[in-house]
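Read off the chains here:
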Amino acid sequence: RPQHLSGLEIIRDLCEGKLEGGEIGSTEITFTPGKIRGGTHIADTKTAGSVCLLMQVAMPCVLFAASPSELHLKGGTNAEMAPQIDYTVMVFKPIVEKFNFTFNCDIKKRGYYPQGGGEVVVQMSPVKELTPINLTERGTVTKIYGRAFVAGALPIKLAKDMSAAAVRCIRKEIRDLYINIQPVREPDDQAFGTGSGIIIVAETSTGCLLAGSSLGKRGKNSDKVGIEAAEILLRNLKHGGTVDDSLQDQLIIFMALAKGVSRVKSGPITLHTQTAIHFAEQLTKAKFTVTKSEEEDPSKDAYIIECQGMGMVNPNL
């Protein structure tokens, strides 16, 4: 599909590679990588294809490039079946930076289904190597915050309704914590098209971040959008892991590339994560093991994902 093709094309451009079979609907490609150059690159799905998925594809490459990179990623910033850009900035970024790198993500314009039209600029410098992470202590939830947004033709009342419904839902389970979900209207010059949604993040005493999010669509009651996000968050808090379902698979490639042993405590292993582990092991010398977490509390369904990383070293630095 368009976003997969755009992802392949940006990797081809990043490392002066050769790509055969790169067209929409193709079932087989041949890719031959060259040297990862860095520099400025543009990837445009020309649809509401997710800019966050383009970022996921490019990031491991630019970390091992010869020079800093600036990626202009165009498409959908808040799309179904993909992390929302708010999730990428609020949850993915602070956790993945524990592997010892930093990146800057500037949201120039938000874009929604079906047209897309969003743009995000990611700036990142290469590293010599990645350090492993140890995320096994959940701690206690210390705060819950988020944003409920509307853009385009939608009234701010919808954002307020989403926020209020989410707070009511969380309150049933967690009574004594201040919950701050800001209703916002995206400025017209910073959003293309019409869209709405919500993201709610729980932060813990050990610095873990877990989230629940949901998107509005035509005919979907705004209370329902808020409740859906709240329920996803509560479900992620129940299993006792340090990462939520959406972050679980996104960390696998970094664990595989890092030097040393990484350990992450998660909820039940998703199909995405199983797939990511399978391919990481096929393509690198990394070795993963997944074991049920030995909890005192049998009601918790937690697992430890452990990885002996391959210790990728940047040949350019």
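Computed from a predicted model, the values in this text were never measured in an experiment. (Residues numbered from 1 in each chain as written. Predicted model: local features only at pLDDT ≥ 70, side-chain atom pairs only at ≥ 80, totals over all residues. Heavy atoms only, no water.)

### What to know about the sheet that holds strand S6 (residues 118–124)
To keep it simple, the criterion reads: Only strands joined by at least two bridges in the DSSP assignment are considered to pair. Secondary structure counts use DSSP, requiring at least four H or I residues in a row for a helix and at least two E residues in a row for a strand, with both numbered from the N terminus. Whether two residues are in contact is decided by their heavy atoms: any pair within 4.5 Å suffices. Axis definition: a line fitted to C-alpha atoms, over the contacting stretch in the case of helices. Angles run 0 to 180 degrees between N-to-C directions.
Strands sit in the order S3-S4-S6-S5-S10 across an open sheet of 5 strands; the sheet is mixed. Strand pairing shows two members of the sheet lacking a second neighbour, strand S3 (39–44) and strand S10 (191–192), which therefore form its edges. Strand contacts of helix H1 (residues 2–14): S3 and strand S4 (69–75), with the helix running at about 165° to S3, the strand carrying the most contacts. On the sheet, helix H3 (residues 85–96) packs against strand S5 (103–111) and S6 and is oriented at approximately 170° with respect to S5.

### Re the pattern of salt bridges
Here is the rule we go by: Salt bridge, as used here, is a side-chain nitrogen of Lys or Arg placed within 4 Å of a carboxyl oxygen of Asp or Glu. Per-residue accessibility, obtained with a 1.4 Å probe over protein chains only, is compared with the maximum for each type, and a residue is labelled buried under 20%, exposed over 50%, and partly exposed between these values.
Applying the stated criterion to the full structure yields 17 salt bridges. A salt bridge links Glu-186 to Arg-110, with the shortest nitrogen-to-oxygen separation between them at 3.3 Å. Taken as a pair, Glu-186 in the loop between strand S9 (179–185) and S10 and Arg-110 in strand S5 lie far apart in primary sequence, 76 residues in all. The pair Glu-186 / Arg-110 is uniform in exposure class, with both members buried. With a closest N to O distance of 3.2 Å, Glu-281 and Lys-287 form a salt bridge. Among the charged side chains, a network of salt bridges with common partners joins Asp-86, Arg-110, Arg-147 and Glu-186.

### Looking at the UniProt feature "active site" (unreviewed entry) in the protein
For the record, the criterion: UniProt positions are given in the numbering used here, feature names are shortened, and annotations may be inferred rather than shown by experiment.
Taking the UniProt record as the reference, the feature "active site" (unreviewed entry) is found at His-272. For His-272, the location among the structural elements is in helix H8 (residues 271–283). Judged by relative accessible area, His-272 falls into the exposed class, the value being 59%.

### Observations regarding the packing of aromatic side chains
The condition is simple: Whether two aromatic rings pair depends on their centres lying within 6.5 Å, for rings of Phe, Tyr and Trp, where Trp uses its six-membered ring; planes under 30 degrees apart make the pair stacked, over 60 edge-to-face, and the rest tilted.
Under the counting rule described, the total for this entry stands at 6 aromatic pairs. Judged by centre distance (6.3 Å) and plane angle (55°), the rings of Phe-92 and Phe-254 are tilted. Residue Phe-92 is located in helix H3, and its partner Phe-254 is located in helix H7 (residues 252–257); the two are separated by 162 residues in the primary sequence. You can call Phe-92 buried: its relative accessible area is 4%. Between Tyr-112 and Phe-149 the ring centres are 6.1 Å apart and the planes differ by 25°, which places this aromatic pair in the stacked class.

### Quick notes on the pairing of strand S12 (residues 209–215)
With 6 of 7 residues buried, S12 is to be regarded as a mostly interior element. In terms of strand pairing, strand S11 (residues 195–204) meets S12 through 7 bridges, oriented antiparallel. Opposite Val-201, over in S12, you have Ala-211 as the bridge partner.

### A few points about the environment of Glu-97
In plain terms, the rule: Under this definition, polar contacts are N or O atom pairs within 3.5 Å; protein pairs additionally need one hydrogen-donor-capable and one acceptor-capable atom, and for neighbouring residues in sequence, both atoms have to be side-chain atoms.
The topology assignment puts Glu-97 in the loop between H3 and S5. Once the C-alpha coordinates of Glu-97 and Ile-133 are considered, the two residues, 36 residues apart in sequence, prove to be 9.8 Å apart. A polar side-chain atom of Glu-97 sits 3.1 Å from the main-chain amide nitrogen of Phe-103.

### Some thoughts on the nonpolar core
Grouped burial of nonpolar side chains is what soluble globular proteins tend to show. Under the convention used in this document: By nonpolar core is meant a set of buried Ala, Val, Leu, Ile, Met, Phe, Trp, Tyr and Cys residues that side-chain atoms within 4.5 Å join together.
In terms of nonpolar packing, the biggest core is built from 57 residues, with Phe-99, Phe-101, Phe-103, Leu-130, Leu-251 and Phe-288 touching the most fellow members. The leading source of residues in this core is helix H2 (residues 51–63), at 9 residues. Contact partners of Phe-288, with chain neighbours within four places excluded, come to Ile-252, Met-255, Ala-256, Ile-277, Ala-280, Glu-281, Ile-305, Glu-306 and Cys-307. Formed by 23 residues, the second largest nonpolar core is a distinct cluster that contains Ile-179, Ile-200, Leu-210 and Leu-237.

### Brief notes about the UniProt feature "domain: RNA 3'-terminal phosphate cyclase insert" (unreviewed entry) in the protein
Residues given the UniProt feature "domain: RNA 3'-terminal phosphate cyclase insert" (unreviewed entry) here are residues 136–237. A helix fraction of 33% and a strand fraction of 36% characterise residues 136–237, whose end C-alpha atoms lie 14 Å from each other.

### Focus: the side chain of His-41
Its place among the elements puts His-41 in strand S3. Engagement of the side chain of His-41 in a polar contact is seen with the backbone oxygen of Gly-38, the distance being 2.9 Å. What His-41 contacts, discounting residues up to four positions off in sequence, is Ile-10, Asp-13, Leu-14, Glu-70, Leu-71 and His-72.

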